[in-house]
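Architecture and fold: a report
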Amino acid sequence: MSLATTPRFAHNTLQGGIRLIQQKLYRFALEHRPMVDRLVEAFAQVSLDEDDPEGEEAEATTAVAEDDRLSFAAQRGLSLSDTKIQSWKEAWIRKQMQTRESEFTQTEPLSVAIGTYNVNGRRPVDEHGPVDLSPWVAQDDPADLYVFGFQELDLSKEAFVFSDTKREEEWSEALAKALPRSERYVRGNKGGVAISLTIKDTDICFVATHLAAHDDAVARRNQAQHDYLFWLGDLNYRIDAPYASVRQWVEQQNMEELIKNDQLKAQQTAGLAFVRFKEPPIEFMPTYKFDPGTDTWDTSEKQRTPSYTDRILYYEPDEGQRSSVNKVANIEYTSVPELRVSDHKPVRARFLIQVASVIADKYREIYVSVLRQLDALENSTMPTIEVDTQQFDFGECKFGFNKSQSLTIRNTGPVAASFDIVTDHLETGTLPKWLLVDGGANVILQGQEAKLRFTVRISVDAAADLNVGKDAIHVILILRVKNGKDFFITIGGTYVPTFLARTLEDLTYLNVPARQHPLEPIVRKEAGMHVPKEIWLLVNRLLKDGLNNTSLFYIQGKPEEVDSIIEALDTTLELPPDISIEAVATTLLHVLNSLSEPVIPRQLYQRCMECAHAPMLCQQLVAELPAPSRYTFEYVMALLREIIASHEKKQSVINIFAAMFAPILLKSPRSGSVRNRNSVMGECVIGFVRP
Amino acid sequence: MADRRCKVVCVGTTRAGKSSLVQAFLYGYMSREYAGTVGVEFHSKTVFLPDGPVRLQLWDTAGHERFSALVPTYLKSAEAVLLTFDLTDRASFDEVTQYAELIAKHAVGLAPTRVLVLGNKSDLDDQRQVSHQEAAAKSIELGYDYMEVSATQPTNVVRCFRHLVAQVVAPDGRLEPTCMSRLRSPCSPSLISGPKRRS
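Residues numbered from 1 in each chain as written. Chains lettered and ligands numbered in written order. Predicted model: local features only at pLDDT ≥ 70, side-chain atom pairs only at ≥ 80, totals over all residues. Heavy atoms only, no water.

1. Section: the overall build of chain B
Per the secondary structure count, chain B includes six helices and six strands. Looking at the 199 residues of chain B, the share that counts as buried comes to 54%. Of the contacts made within chain B by residues no fewer than 6 positions apart, 74% connect residues no fewer than 24 positions apart. Carbon and sulfur atoms form 52% of the exposed surface of chain B, whose accessible area is close to 8500 Å². (Helix = DSSP H or I, 4+ residues; strand = E, 2+ residues; numbered from the N terminus. Buried < 20%, exposed > 50% of the residue type's maximum accessible area, 1.4 Å probe, protein only. Contact = heavy atoms within 4.5 Å. Areas by Shrake-Rupley, 256 points an atom, 1.4 Å probe, with all protein chains shown as cover.)

2. Description of the overall build of chain A
The helix and strand inventory of chain A stands at 24 helices and 23 strands. Scored against the burial criterion, the 691 residues of chain A give a buried share of 53%. For chain A, restricting intrachain contacts to residue pairs at least 6 apart in sequence, the fraction spanning at least 24 positions comes to 76%. Split by element, the accessible area of chain A, about 31700 Å² in all, is 49% carbon and sulfur.

3. A closer look at the sheet that holds strand 15 (residues 385-387) of chain A
Residues and elements named next belong to chain A. Across the sheet, which stays open at both edges, the four strands sit in the order 15-17-21-19 with antiparallel pairing between neighbours. Each end of this open sheet is capped by a strand with a single partner; those strands are strand 15 and strand 19 (435-439). The average undirected angle you get between the axes of adjacent strands in this sheet is 25 degrees. Direction of pairing for strand 17 (residues 402-411) relative to strand 21 (residues 449-457): antiparallel, over a ladder of nine bridges. Each bridged residue has a counterpart across the sheet, and for Asn402 the counterpart in strand 21 is Arg457. (Pairing = 2+ DSSP bridges. Axes fitted to C-alpha atoms, helices over the stretch in contact; angles between N-to-C directions.)

4. Observations concerning the confidence of the model for chain B
Residues and elements named next belong to chain B. Per-residue pLDDT for chain B averages 83, and the proportion of residues at 70 or more is 84%. Below a pLDDT of 50 lies the segment residues 178-187, which in the model reaches 23 contacts outside its immediate sequence neighbourhood of four places, other chains included. Scoring the predicted complex yields pTM 0.67 and, for the interface, ipTM 0.84. (pLDDT = per-residue confidence, 0-100.)

5. A look at the nonpolar core
Within the largest apolar cluster, 100 residues are counted, with the highest numbers of intra-cluster contacts made by Phe454, Leu479, Ile491 and Phe553 of chain A. Mapped onto the domain boundaries, this core takes at least three residues apiece from domain 2 (385-495) and domain 3 (528-689) of chain A. Setting aside its immediate chain neighbours within four residues, Leu479 of chain A contacts Ile385, Val387, Leu407, Ile409, Phe419, Asp420, Ile421, Leu452, Lys485, Asp486, Phe487 and Ile489 of chain A. Of all hydrophobic cores here, the second largest spans 35 residues; its members include Ala62, Ala100, Val115 and Val130 of chain B. (Core = buried A, V, L, I, M, F, W, Y, C linked by side-chain atoms within 4.5 Å. Domains from an automatic or database assignment.)

6. A look at the confidence of the model for chain A
In the predicted model, chain A carries a mean pLDDT of 82, and 81% of its residues have values of at least 70. Of the regions scoring below 50 in pLDDT, residues 9-62 of chain A engages in 135 contacts with residues more than four places distant in sequence or in other chains.

7. A word on the pattern of salt bridges
On inspection of all chains with the given rule, the structure shows 37 salt bridges over all chains. Linking Arg524 of chain A and Glu505 of chain A is a salt bridge whose minimum nitrogen-to-oxygen distance equals 3.9 Å. With a gap of 19 residues between them, Arg524 of chain A in the loop between helix 16 (504-509) and helix 17 (533-545) and Glu505 of chain A in helix 16 connect regions that are remote in the sequence. Where Arg90 of chain B meets Asp94 of chain B, a salt bridge forms, and the shortest distance between an N and an O atom there is 4.0 Å. Of the two residues, Arg90 of chain B and Asp94 of chain B both sit in helix 3 (residues 90-94), four residues apart, roughly one turn of that helix. Residue class for Arg90 of chain B comes out partly exposed when judged on its relative accessible area of 29%. (Salt bridge = Lys/Arg side-chain N within 4 Å of Asp/Glu carboxyl O.)

8. With respect to the packing of helix 17 of chain A against helix 22 (residues 627-645) of chain A
Residues and elements named next belong to chain A. Contact pair helix 17 / helix 22: the axes reach a minimum separation of 10 Å and the direction vectors enclose 15 degrees. Accordingly, the angle class assigned to the pair helix 17 and helix 22 is roughly parallel. For the element pair helix 17 and helix 22, the recorded crossing hand is left-handed. The segment helix 17 lies against helix 22, with Ile535, Trp536, Val539, Asn540, Leu542 and Leu543 engaging Thr632, Tyr635, Leu639 and Glu642. Split by residue class, the contact of helix 17 with helix 22 holds seven nonpolar, two polar and one charged. (Parallel < 35°, antiparallel > 145°, perpendicular 65-115°, else oblique. Left-handed = near helix turned anticlockwise from the far one by under 90°. Nonpolar A, V, L, I, M, F, W, Y, C, P; charged D, E, K, R; others polar.)

9. Describing the packing of aromatic side chains
Here the structure, examined in full by the defined rule, presents 32 aromatic pairs over all chains. Ring centres of Trp136 of chain A and Phe150 of chain A lie 5.6 Å apart, and the angle between their planes is 75 degrees; this geometry places the pair in the edge-to-face category. Note that Trp136 of chain A is positioned in helix 7 (residues 134-137) and Phe150 of chain A in strand 6 (residues 145-151), a separation of 14 residues in sequence. The exposure class of Phe150 of chain A is buried, given its relative accessible area of 16%. With centroids separated by 5.0 Å and ring planes inclined at 50 degrees, the aromatic side chains of Phe488 of chain A and Phe67 of chain B adopt a geometry described as tilted. Linking Phe488 of chain A in strand 23 (residues 486-495) with Phe67 of chain B in the loop between strand 3 (52-61) and helix 2 (71-75), this pair reaches from one chain into another. (Phe/Tyr/Trp six-rings, centres within 6.5 Å; stacked < 30°, edge-to-face > 60°.)

10. Observations regarding the pairing of strand 5 (residues 115-120) of chain B
All names here are of chain B. Along strand 5, six of the six residues are buried, which leaves the element largely enclosed by surrounding structure. By the alternation rule, side chains of strand 5 split into Val115, Val117 and Gly119 and Leu116, Leu118 and Asn120, which are all buried. Across four bridges, the pairing between strand 5 and strand 6 (residues 145-148) is parallel. Residue pairing across strands places Leu118 opposite Met147, the latter belonging to strand 6. In this fold, strand 5 hands off to helix 5 (residues 132-142), which returns the chain to strand 6; that crossover is right-handed. (Right-handed = clockwise from strand over helix to strand, strands pointing away.)

11. Brief notes about a nonpolar patch on the surface
Nonpolar side chains collect at one region of the surface, where Tyr554, Ile555 and Ile656 of chain A lie side by side and expose about 260 Å² of accessible area between them. Counting through the fold element by element, Ile555 of chain A comes out in the loop between helix 17 and helix 18 (559-571). (Patch = residues over 30% accessible without salt bridge, like charges linked within 9 Å, V, L, I, M, F, W, Y side chains within 5 Å.)

12. Examining helix 4 (residues 96-106) of chain B
Residue and element names in this part refer to chain B. Listed in full, the buried residues belonging to helix 4 are Val96, Tyr99, Ala100, Ile103 and His106. Taken around the axis of helix 4, the buried residues stretch over an arc of 150 degrees, which confines them to a single face. Residues Glu101, Ala104 and Lys105 are exposed on helix 4 and point more than 90 degrees away from its buried face. For helix 4, the secondary structure elements touched by its buried residues are strand 1 (5-12), helix 2, strand 4 (80-86), helix 3, strand 5 and helix 5. (Arc of directions from axis to C-beta.)

13. Observations regarding helix 17 of chain A
All names here are of chain A. With 13 residues, helix 17 extends 18 Å between its outermost C-alpha atoms, agreeing within 8% with the 18 Å of an ideal straight helix rising 1.5 Å per residue. Among all positions in helix 17, only Glu534, Ile535, Leu537, Leu538, Val539, Arg541 and Leu542 are buried. Residues of helix 17 that are buried in the fold lie against helix 16, helix 18, helix 19 (581-593) and helix 22. (Expected span 1.5 Å × (residues − 1).)

14. Examining unusual backbone geometry
In this structure, the amide linkage connecting Tyr288 of chain A to the following residue, Lys289 of chain A, adopts the cis form with an omega of 5 degrees. The residue Lys289 of chain A is located in the loop between strand 11 (277-278) and strand 12 (310-315) in this model. Of the consecutive residues Gln153 of chain B and Pro154 of chain B, the connecting peptide bond is found in the cis state with omega at -10 degrees. The backbone of Arg15 of chain B sits at a positive phi, close to 65 degrees, despite the residue not being glycine. Along the polypeptide, Arg15 of chain B turns up in the loop between strand 1 and helix 1 (18-27). The phi dihedral of Lys121 of chain B is positive, around 75 degrees, even though this residue is not glycine. Within the fold, Lys121 of chain B resides in the loop between strand 5 and helix 5.

15. A closer look at the environment of Val165 of chain B
Residue and element names in this part refer to chain B. With respect to the helices and strands, the residue Val165 is situated in helix 6 (residues 157-168). Val165 sits in the buried class, given a relative accessible area of 1%. Separated by 159 residues in the primary sequence, Val165 and Cys6 place their C-alpha atoms 7.7 Å from one another. Apart from residues no more than four positions distant in its own chain, Val165 is found in contact with Leu49, Val54 and Leu56.

Here you go:
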């Protein structure tokens, strides 16, 4: 392929650099940066004056198209990943810049002359001497840029081996002679298939091929990197009709039938080749095949059907991707029958395209306004919610407290909002033990509401920490709206301390009613008691008044009575008067069950299970318990033995008590595995309760 | 030039005017009545430096003392910090030192040049309780830059943001990342229990 320009654009062409790439067209994509990139560089060189008046950068006046707002909102509403939203934004900026391209560019027309000629291995000479290529090359009105593609320059065997051939030189010279006043600027591209050049700020690509070896993907890649893409050559498409018919149409100059049966047109229509390529209207006769040196259609034995093998096309992007600046106007598309050297006739076309130069100041101005629009877009499509309250007070929270309050979240923004709860409570990143947050879906559609339910539940675990001041009923949760703001939700309450949910050891050192002890660890000074006073009071009352009561532990005490006993123990360390003995028994079970560490410490659980069948080993294990556990255990066992002694059907009572006390005295360090091991645990206890 | 983004966290004691500054920066004027921030507001804004734009993500935090425990959460991932106090309120200036300690402790690896101390309400000169010299001296001692601004006028508002962002841009035009461990981690399990959760 050869290329020439007039002096007007020569400087630009050379400066922009002509990139010649053989075969590996894809390298264009690597070596050729897209236009926007260069524009950004141009922008970067423009220095800003530092003294901007206040408010100059304000976005208040920046209007955003409603369509964009909705589209962006949809993107955010889909809760896409940050990178996806980021690339959406980048694409948006590109599109805006492309749409407004005409505002920051000035264009001038550039006339481009393109020719293609399959020379069938002939030299540019005939019986009269050197052939004058002017009819093909030159017209009255000189073009700014000339591009010529040759095929079959040299069919000799040598030409396959050596790329430089004398034939090529000869044709170049002939070309140069025919070109008007621009010899200096002729560039030859030997064997090249593509030329990319930059004029002003416009990238133009010419691809010349022989045969239909054409890859659509390559075309698309090239188009993506250029403002204009022309494709020329002997594409070897035939007219798909019997020889006789075609000859007849040719005689009749029946263009309609000829073109209707053209393979390339058919392929294009079917979307099989040269999709989105446009060809100027064909108003000339087929260019193939002639007896060389004549205008006579092929008379050889083969009788080739006349065809439009030699074509010139250009890429036209889809409506949406079309630049407002780049325009192709066709001036001429014709064959040149008077050149008879080859069995093909050459074809030439003239186009008027618009080359753009970027006005840096203007570019900057528009780029700034586009980015400002993006800011406005982002801020106005931010997921927005409202909450009905940001503060919850659960009041007095005693052991066993279990209440819920709801937070109503209303989506008042333009997009779906997704939210989550985050906290850094006690630097754990998890919710406090006393708090549970329930919710349904964590995505709220526009105008919809969702509820979050906060439940404060004082379990043994939670109370154990609260009793000693390791935790408090106070937390600030962060209600985090994805891509939006954070709300701080404060949840608080007043914890009421109790002797429950403590260790036996701690209780033996607690020498005041638990309610009076500050929320801090119990100091272990002086000698502790053998058995916690609270347990001693309960057991003592049962020994005193309950031994003749055969329904003891069988009948549940009333809950309010149990509560009043706990309250009395917490506040005065005395049992209330007029209390039913059943309630005292139930309270004892409750107290033992609410220890933060069971009577048999969890770490001994496994050993206990293993020696369940051997009473001797059990005895030994109990002897090894820490003092408060041992005394409490033995004290409770003594009570049970006394009660059993007063029963008649001892064995069944033993079994029932064992089943009742085993899961309270002994707790698995792993939750969940307790139930199926109850019988084994019962066996452990049986040995002790037998009178 | 790649997309340059910078996360700016605004901290400072309550009523120092953090939200007003952000409003003035975003819209050119201060729009709203005082309504203390109970949470963290988020905004986007592009600043144009000589070598190109930088997109700011502004995190405007609640200044009230009862939320002070949450400030570190946001400082952890800050790439620049605006530390605002009220020139007409001595006590708010005294808290600058505490905030400096928080920044040093939680915004690990954040260069002091990325922190800008702002004395707000410079228009109320007759009520001023902290002199320019004193505030500047204090800031220098902490290794920070100092500027006086007024959100109501507005004065210096855009300039202070630009100044801060200019500190973040490396000589080669890239934004140097700071250390970052975000609480806002996409893989942290949800704390909300309940059916039909969508992630």
